Amino acid sequence: MKKTTKVNQRKNKFYVTTPIYYINDVPHIGHAYSTIAADTLARYYRRKLGKDNVLFVTGTDENSQKTINAAELAGQGTEEYTELTAEKWQNIFNTLDITYNRFIRTTEDDHKKTVQDILQKVYDNGDIYKGVYEGLYCVGHEAFMKEEDLVDGLCPDHKKAPEHIKEENWFFKLSKYQERLKHYILDNPDFIQPQSRRNEVLSFIETKGLEDFSISRETQEWGIRLPFDDSQVAYVWFDALLNYVTAAGYGTDKFSKWWPADLHIVGKDIIKFHCIYWPAMLWSAGLELPHQVFAHGFFTNNGEKISKSLGNAIDPIALVQKYGNDALRYYLLREITFGSDGDFSLQRFNEVYNSDLANNLGNLVSRLATMLIKYNNAQYNEVKVKPRYSYEDDIVKLKFHSCLAELFSWLDSLNGAIEENKPWELFKTDPQKTVEVLSGIACELLLIAQYLEPFLPEASKKIQAVFSNGTVVNAGVLFPKFE
Ligand code: MSP
């Protein structure tokens, strides 16, 4: 019998997370992408399950070497830098209208407590031992690397030579969990999605095998001290992954409501940590695994990799100041299939905005409102309409792109119905039929607006205010056109 994980079916609650972000940089479009996707699901599930049954967590990953380096560069103390930068991130997510329930920072006290508690559990369980780590460390990845991973002596992603370090560290017995993990992934096809990433993880386990990894740093001052050796701090990934259990209320009554998480949304760059290290850590600590890890693809900017050194990061705030939050959400979720790589181009952004949001949706709303005001004294008949597309199946599978494609083709057909019926002519011969036609379209549009709420919250709200309880008010311009 085919086994599947019961994503979303457990306890009528939904707990979704984004990666927590390094604070050595300001948010760019890639960070906004993971967060907007999670926000869309959180909004969808709040409507479905009630707002008290959804937990959506995002935040910042602060206990890393990167933070120390960035603070030094900024001429600030690490703590001061951390405070200022975390606040910047939070403000940016607020401007993007991200409806997180908790913005977690790994420097917070409850998180320190979680990390120390779990480290102790894993240690008591015999999964932590002392050894010597000698090798390469890439600060960009905050990960240990091997010679064979380098290209011309450099980390291929960060184009920098990793540091050579030799330290006496504590190691986690990842190798012990190899077979269990492999079988778990095979038995639970939905645990890692999309399929291509699942295959990648399975092939990693089969070809490279799982090696124990160092979970502490001896020379780093900044970080969470190990409970069984306070001369060392926890390795940043061991610490960061645990944010998901801290935010679920680890150590409090709330934990059993939220844990295990339903979904971790991550970029494809960090699947090894989430699909290999994380399950083993949870097993060792006696905790259940999340239902699903979904890895999305990466954006390029006009075909080029987005990187700090190329200086081509796209600022989401500049975009929303001009086009609005809905426009950014629409482009990111409609233009790129979630799970695949995609490209960001300002020209394309503008084209999609004008054709889909300003023309297809915006014009429809204002034309329809104007006609109902003119031909029926700002009234419409509330009629029952049948959904032409049930988007539930797609949205729970994170097929955002299909949802928006279908809903916008439905909008197309409403625009088509106006063209076909020509209310401006029909009204001269059959006013009653004109009102019927326009009312039918208004009620379908309202249904679409409800379905669009998780994707385009602002526009959805405006449309529902224009057509409400049989009365129409002037729509104004929903999406002004830009050349
Ligand atoms: N701090 C770790 C995550 C710890 S989670 C327990 C980290 N942080 S990060 O700031 O470097 O990046 C986090 C995420 O940002 C990536 O996994 C990905 O989700 C997103 N993106 C960063 N650049 C991106 C693109 N160019 N395109 C799409 N998403 C990208 O890794």
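All residue numbers here refer to positions counted from 1 along the written sequence of the relevant chain. Selection of residues for local features in this predicted model requires a pLDDT of at least 70, selection of side-chain atom pairs for listing and counting requires 80 or more, and totals for whole chains, interfaces and linings are taken over all residues. The basis for the side-chain values is all heavy atoms of the structure; hydrogens and waters are excluded.

Asks: I'd like a rundown of helix α11 (residues 316-323), residues and numbers included.
Replies: Taken together, the buried positions of α11 are P316, I317, L319, V320 and Y323. All buried residues of α11 lie within an arc of 160° about the axis, which places them on one face of the element. Buried residues belonging to α11 abut α1 (29-49), α3 (78-95), α12 (325-335), β16 (342-344) and α13 (346-376). N-cap assignment for α11: the residue whose side-chain oxygen lies 2.9 Å from the backbone N of I317 is D315. Classification of residues uses two cut-offs on accessible area relative to the type maximum, computed with a 1.4 Å probe and protein chains only: under 20% is buried, over 50% is exposed, and between them is partly exposed. Secondary structure elements are defined from DSSP: runs of H or I of at least 4 residues count as helices, runs of E of at least 2 residues count as strands, and each element is numbered from the N terminus. The arc in question is traced by the directions running from the helix axis to the C-beta atoms. Residue contacts are defined here by distance: any two heavy atoms, one from each residue, within 4.5 Å place the two residues in contact. Under the rule applied, a polar contact is a pair of N or O atoms within 3.5 Å (in protein, one hydrogen donor and one hydrogen acceptor; residues adjacent in sequence only if both atoms are side-chain atoms).

Asks: Would you mind going over the site of the ligand in detail, with residue names and values included?
Replies: Close to the ligand lie 23 residues, the nearest being I20, S34, D61, D269 and F299. A distance of 2.7 Å separates a nitrogen atom of the ligand from a polar side-chain atom of D61. The separation between an oxygen atom of the ligand and a polar main-chain atom of G267 is 3.1 Å. Each accessible area is a Shrake-Rupley estimate made with a 1.4 Å probe; only the visible protein chains count as cover when residues are assessed. Contact with the protein chains removes 93% of the 670 Å² of surface that the ligand exposes when unbound. Put simply, the parts of the chain that give the shell around the ligand at least two residues each are β1 (14-22), α1, α7 (236-241), α8 (243-247) and β12 (263-267). Per element, the largest residue contribution to the shell around the ligand is 4 residues, and it comes from β1. Asp, Glu, Lys and Arg are counted as charged, while Ala, Val, Leu, Ile, Met, Phe, Trp, Tyr, Cys and Pro are counted as nonpolar; the rest, among them Gly, fall into the polar class. Looking at the shell around the ligand residue by residue, the classes come out as 12 nonpolar, 9 polar and 2 charged. Whether a residue is near a molecule or strand is decided by its heavy atoms; if any one of them lies within 4 Å of it, the residue is near.

Asks: Please provide a residue-by-residue account of the side chain of R46, values included.
Replies: By the secondary structure assignment, R46 is in helix α1. Buried charged residue R46 carries no salt bridge. Nearest counter-charge: D39, at 5.1 Å. One polar contact links R46 to N101, side chain to side chain, over a distance of 3.1 Å. If near-sequence neighbours (up to four positions away) are discounted, R46 is found in contact with K51, V54, F56, T99 and N101. For the purpose of charge, His is not counted, nor are the chain termini; Lys and Arg are scored as positive and Asp and Glu as negative. Any carboxyl oxygen of Asp or Glu that lies within 4 Å of a side-chain nitrogen of Lys or Arg is treated as forming a salt bridge with it.

Asks: I'd love a proper account of the sheet that holds β16, names of residues and values included.
Replies: When DSSP finds at least two bridges between two strands, those strands are taken to pair. Pairing in this open sheet of 3 strands is mixed, and the strands run β15-β14-β16 from one edge to the other. Each end of this open sheet is capped by a strand with a single partner; those strands are β15 (304-305) and β16. Pairing analysis gives 3 bridges linking strand β14 (residues 299-301) to β16, with the strands arranged parallel. Each residue of the ladder has a partner; that of N301, found in β16, is F344.

Don't take any of this as a statement about function, it's just geometry.
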